[in-house]
Amino acid sequence: QQKVQQSPESLIVPEGAMTSLNCTFSDSASQYFAWYRQHSGKAPKALMSIFSNGEKEEGRFTIHLNKASLHFSLHIRDSQPSDSALYLCAVSQNSNNRIFFGDGTQLVVKP
Amino acid sequence: EAAVTQSPRSKVAVTGGKVTLSCHQTNNHDYMYWYRQDTGHGLRLIHYSYVADSTEKGDIPDGYKASRPSQENFSLILELASLSQTAVYFCASSEGQGNTEVFFGKGTRLTVV
């Protein structure tokens, strides 16, 4: 069964900083890699996803994927207090296999 | 936007009582899920379903039953609620099983006393 682990468990950064969140997975055949964001008291919501090695940028957010290292990351440029949330990474092997979520990284961005 | 609606949004139940959490989706998705989230932690899959009248066990099914009477509706049943089942429960749906976005409901906060 796929193992998905996130680090760090929690993180406090100052406003304007670059934030980096990490996710490792165990199945090298995995195809789908995503980040979900959950604000306090709200539902998780997909932030962005990637299917192939490399990076993908959407606004202040960038995903880096390195399948050989079984690792992908989320980088937040110019972090804002509104980015404070629980970030969950998600991985699936293919369209016929379920998605596995990590335990999350709690991010706090201090003004 | 995809819509997943849960009811009730919060509930207090007594130990040993029966609890039913309901979920309705208007996304026309085949897959529906029930996840449990304990404070500040990740999501744990309880049950899921990919077709009406059929359910599958997830990672933590003990103490829970599920029912999928139609494509749109998916219920989670706690026959004998216990203190350890106090948590927030999320229903979700997706078009496929993997490689696709999962859409979550707003959650049900269940407190067992």
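What you see is a predicted model, and the numbers here were worked out from it, not measured in a lab.

Draft legend 1. A look at the side chain of Q85 of chain B. All names here are of chain B. Position of Q85 relative to the elements: it lies in the loop between β8 (73–78) and β9 (87–94). Using a relative accessible area of 5% as the deciding quantity, one classes Q85 as buried. A polar side-chain atom of Q85 sits 3.1 Å from the main-chain carbonyl oxygen of G63. Other than its neighbours up to four places away in sequence, Q85 contacts R36, G63, Y64, L78, L80, L110 and V112.

Draft legend 2. Looking closely at the state of the cysteines. Tallied over the full model, the rule gives 2 disulfides over all chains. Residue pairing for C23 of chain A: its cysteine sulfur links by disulfide to C89 of chain A, the two sulfurs lying 2.0 Å apart. Judged by the sign of its S-S torsion, about 65 degrees, the cystine formed by C23 of chain A and C89 of chain A is right-handed. Highlighted residues: C23 of chain A in strand β3 (residues 19–25) and C89 of chain A in strand β9 (residues 85–92), separated in sequence by 66 residues. Side by side, C23 of chain A and C89 of chain A carry an identical accessibility label, which is buried. C23 of chain B shares a disulfide with C91 of chain B; S-S distance 1.9 Å. With the S-S dihedral at roughly -80 degrees, the linkage between C23 of chain B and C91 of chain B falls on the left-handed side. Placement of the pair is C23 of chain B in strand β3 (residues 19–25) and C91 of chain B in strand β9, with a sequence separation of 68 residues. Residue C23 of chain B is classed as buried on the basis of its relative accessible area, which comes to 3%. With relative accessibility at 0%, the residue C91 of chain B sits in the buried group.

Conventions adopted
- Residues numbered from 1 in each chain as written.
- Chains lettered and ligands numbered in written order.
- Predicted model: local features only at pLDDT ≥ 70, side-chain atom pairs only at ≥ 80, totals over all residues.
- Heavy atoms only, no water.
- Helix = DSSP H or I, 4+ residues; strand = E, 2+ residues; numbered from the N terminus.
- Buried < 20%, exposed > 50% of the residue type's maximum accessible area, 1.4 Å probe, protein only.
- Polar contact = N/O pair within 3.5 Å; in protein donor to acceptor, adjacent residues only side chain to side chain.
- Contact = heavy atoms within 4.5 Å.
- Disulfide = S-S within 2.5 Å.

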